[in-house]
Every structure is written in structure tokens, then in C-alpha cells.
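So the chains spell out like this:
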Amino acid sequence: MSELRTGDSVKVVLEGRITAYTAAPIWKDALDTLARNPDRPIVVDASRLEYADDVGIALLFDLLRRDRPPQAKVEMRDLASNLAALVEAYDPKDFAQPPPGRTQIGIVEHIGRVAAQEVAYVKRIAGFLGQCAGALWYAIRHRGLVRWGEVVSVATEAGANAVPIVLLIGFLMGVIIAFEIGLVAQQFGAVIFVVNGVGVAILRELGALMTAIVFAGRTGAAFAAQIGTQKVNEEVNAIQTFGLDPVHFLVLPRLIAAALVVPLLTVLADVIGVFGGALVMATFDVSFVQFYNQLLGAVDAGDFILGIVKAAVFGLAIAGIGCQRGLATGEGATAVGLSTTSAVVKSIVWIVVLDGFFTVLTS
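This structure is a prediction, so every number in the text was calculated from the model and none was measured.

(A) Representation of the side chain of Asn37 in the model. Positionally, Asn37 belongs in the loop between helix H1 (23–36) and strand S3 (42–52). Among the polar contacts listed, one links the side chain of Asn37 to the backbone oxygen of Thr33, at a separation of 2.9 Å.

Structural data, given as C-alpha cells:
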């Protein structure tokens, strides 16, 4: 950009190409010229301007909309017709007033907006679960349509590879519960009844609950990331282009695998949790035989079955939420990360909510 003084006016010559990479110094020099000549008319000679991208158009428009005295207006001359059409498409008067500032919302309105968002999310989840239920029912009626190879692959990754962490968490849960309750019960001479608490807590609640939380953090996030990456790479659109249903093709194998794997992992967590409790109770002079006999009298098959049913429901919820967040992924790698985080958070929240429903219904 060059600046020339001609009589009472100042001539600014724009030439070459103005792009996002070159506009910054040109823009600064042009604004400096306008600032140095507040009472002189400015003539912008664009006859040598070859090309301008959206940033260049913004520069030209900004020069024309500057608030200057009537005798010091900015005039654009010899601008190419294609560029002039873009600049003239907007009236500087439309931007005379600054945009209104953001109004601060109160806590009641904020709570209302959050509640409305959650209600909308529940509706979306309900609709998605309805699609999943339809696909599952269709697969039951047409068994040959289920891709069992994909189910086995997902079950291996989500189940077999998760066994070590599930065993560790289950063992620690049994040890912690037995030790904490044992210290209190010892003061009342009721150490033997700690076995009842360990058995009921692990078989009915903590076995399924802790397994589901581990599964949500490990596998639910993986489901969201895998499908989210496929969504970003347009693979989901390609599946739809071929006339395939993404729910049946991508979601159904994961739902079946989760419904089968989480109960099996829960069984392992129950066994190792009870074993950890038995080890701790041995330090309170309760032998393994006493522990076994007391446990049989404290729990029954109903407690074990309730935990397994909970685990199956938790697995379906985790897989459904993870897949739904993956299919709802936006554009870019950031969107995949947000979907993964949202899948874990939503899964844990719904695990607690469902566990509360089970507790109320079975109490």
C-alpha cells in the first residue's frame, strides 16, 4: 500500500493481492493514514488490486464505514466489479450502531435453561433408545442379520481386556467394606455380622455399580470415540449412502456385547469382592468356614440375580449413551473429545439414577 497527497485529498493505492496472510500490515497502514488526516478526503485507488479474499473484503468495507466528517469521506475508485459487488452488498449504515451487549441472566433463568437442555437431551436419548430397541427386536426375529463376529470382537475388547481392572476394583471394594465395617462392629462384639454387610453390599449393589462405572470410563468412552471418529471422517454418511442403518450396523453389536459382558464382569467382581472381604475377616478371627456359613444365611439367589440384572441394564445404558454421543459428534477432533467426555459423564449419572430406581423398586 502506498500513500500520495494530491491537493486537499489523500490518495491510498492498493495493489496486488490482499489475503488473510497479507492484510494485517495493509490494514494498519490504511487506518494510520485515516488517523493522520482526519479532515482530508481519502481516495482509495483499487485499480491495481488483483485479488481480495474475505479478509480483504472486510478491509475495504471497514475503510468505507469509518465515521468521518462530511468533507473527509473515504471514496473507493476503480475497484473490480466482482469485488465491488461484495463490498456494495452491505450498507455501512447498517453497522452504525454497535451491537447490543449481552444481558446477564438470573439464576432462575439459568436453571430453567439447563433444565430445558436436559429435558431435550432426555427426549433425544428416548428416541435413540427406541431406535435401538427396534433394531434389537428386528435382530431377534432375524437372527442371521446380527454380525456376531463384530459382537465377539467388541466383547473381547470391552470384556476380556477389562478383567484385570475389574478384579482389582472388586477386591479393593471387598477389603475396604469389610475393614471399615469390622472396626465399628468390633466395638459391639458383632464382628460376625460384618459378613452380612459385605455379602449384601457387594452382590446387590457395589459389584454391579463399580463394574458399570469402570465399564463406562473404559468402554463407553471408547464407543463414543470410535463412532465419533467415524462420524467426523464421513464414514457414517457413507454407511447411510449404501442404504445401511447406522444403528443396526454400528450400535447393535455394541449393545449386545455390553449386555453380555457387563454381567460376566460383575460375577467376577462379586467373587473377588467376597474373597477380599473373607481375607479381612480372617484378621478379625472369623475363619473362612464361618464366613462361608454366615454368608449363605445372609444372602440368597435373589440378591445375586438382582445384581446381574442391574449389570445388564447398566451395560445397555452405557453402550446406548456412548453410541448416541458418538453419532451426535460435530466436526473436528475437539468434537470427538467433547463427545467422549460427555459419554462418560452421562453414563455415570444414568448409572446412579438407574441404581436408585432399582433400590426403590426392590426395597
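(B) Region of the structure containing the pattern of salt bridges. The final tally for this structure, using the stated rule, is 10 salt bridges. In this structure, Asp45 and Lys11 form a salt bridge, with 3.5 Å as the shortest nitrogen-oxygen distance. You can see Asp45 sitting in strand S3 and its partner Lys11 sitting in strand S2 (residues 9–18), a full 34 residues away along the chain. Look at Lys11 and you get partly exposed, because its relative accessible area is 28%. For Arg113, the salt bridge goes to Glu109, with nearest N and O atoms at 2.9 Å. Of this pair, Arg113 and Glu109 both sit in helix H4 (residues 107–141), four residues apart, which is roughly one turn of that helix.

(C) Expanded view of the nonpolar core. Grouped together as the largest cluster of nonpolar side chains are 41 residues, with contacts concentrated most on Phe128, Phe215, Val251 and Ile351. For this core, the secondary structure elements donating two or more residues are H4, helix H5 (148–158), helix H7 (194–232), helix H8 (235–241), helix H9 (246–282), helix H11 (301–327) and helix H12 (333–362). Ranked by the residues each element gives to this core, the list is headed by H9, at 12 residues. When neighbours within four sequence positions are excluded, Phe128 is seen to be in contact with Val247, Val251, Gly320, Cys323, Gln324 and Leu327.

(D) Here's a closer look at the pairing of S2. Note: S2 against S3, eight bridges, orientation parallel. For Gly16, the partnering residue across the bridge sits in S3 and is Leu49. Once the chain exits S2 it traverses H1 before rejoining the sheet at S3, and the crossover so formed is right-handed.

(E) Highlighting the packing of H7 against H9. The contact between H7 and H9 brings their axes to 7 Å, and the two run at 145°. Relative to H9, the crossing made by H7 is right-handed. Taken together, the residues of the contact of H7 with H9 sort by class into 17 nonpolar, seven polar and two charged.

(F) The arrangement of the state of the cysteines in detail. Taken as a whole, this structure holds zero disulfides when the rule is applied. Cysteine Cys132 shares no disulfide, and the gap to the nearest cysteine sulfur, in Cys323, comes to 7.0 Å. A relative accessible area of 4% places Cys132 in the buried class. By relative accessible area, Cys323 is classed as buried at 0%.

(G) Just the environment of Ala282, in detail. Along the chain, Ala282 turns up in helix H9. Note on Ala282: relative accessible area 35%, which makes it partly exposed. Distance from Ala282 to Ala298, taken between C-alpha atoms, is 18 Å for residues 16 residues apart in sequence.

(H) Main features of the packing of H9 against helix H10 (residues 288–298). Close contact between H9 and H10 brings their axes to 9 Å; oriented N to C, the two are set at 130°. In terms of orientation, H9 and H10 fall into the oblique class. Seen along the crossing, H9 lies across H10 with a hand that is right-handed. Across from Val274, Gly277, Ala278, Leu279 and Met281 in H9, the residues of H10 making contact are Phe288, Phe291 and Leu295. Residues that form the contact of H9 with H10 fall into these classes: seven nonpolar, one polar and no charged.

(I) Region of interest: the pairing of strand S4 (residues 74–77). Burial of S4 is one-sided: the residues Val74 and Met76 facing one way are buried, the residues Glu75 and Arg77 facing the other way are not. Summarising the sheet, S3 and S4 pair through four bridges and their orientation is parallel. Note on S4: the bridge partner recorded for Asp45 is Arg77. At this point the chain moves from S3, through helix H2 (residues 54–64), to the parallel S4, and the crossover so formed is right-handed.

What counts and how
- Residues numbered from 1 in each chain as written.
- Predicted model: local features only at pLDDT ≥ 70, side-chain atom pairs only at ≥ 80, totals over all residues.
- Heavy atoms only, no water.
- Helix = DSSP H or I, 4+ residues; strand = E, 2+ residues; numbered from the N terminus.
- Polar contact = N/O pair within 3.5 Å; in protein donor to acceptor, adjacent residues only side chain to side chain.
- Salt bridge = Lys/Arg side-chain N within 4 Å of Asp/Glu carboxyl O.
- Buried < 20%, exposed > 50% of the residue type's maximum accessible area, 1.4 Å probe, protein only.
- Core = buried A, V, L, I, M, F, W, Y, C linked by side-chain atoms within 4.5 Å.
- Contact = heavy atoms within 4.5 Å.
- Pairing = 2+ DSSP bridges.
- Right-handed = clockwise from strand over helix to strand, strands pointing away.
- Axes fitted to C-alpha atoms, helices over the stretch in contact; angles between N-to-C directions.
- Left-handed = near helix turned anticlockwise from the far one by under 90°.
- Nonpolar A, V, L, I, M, F, W, Y, C, P; charged D, E, K, R; others polar.
- Disulfide = S-S within 2.5 Å.
- Parallel < 35°, antiparallel > 145°, perpendicular 65-115°, else oblique.

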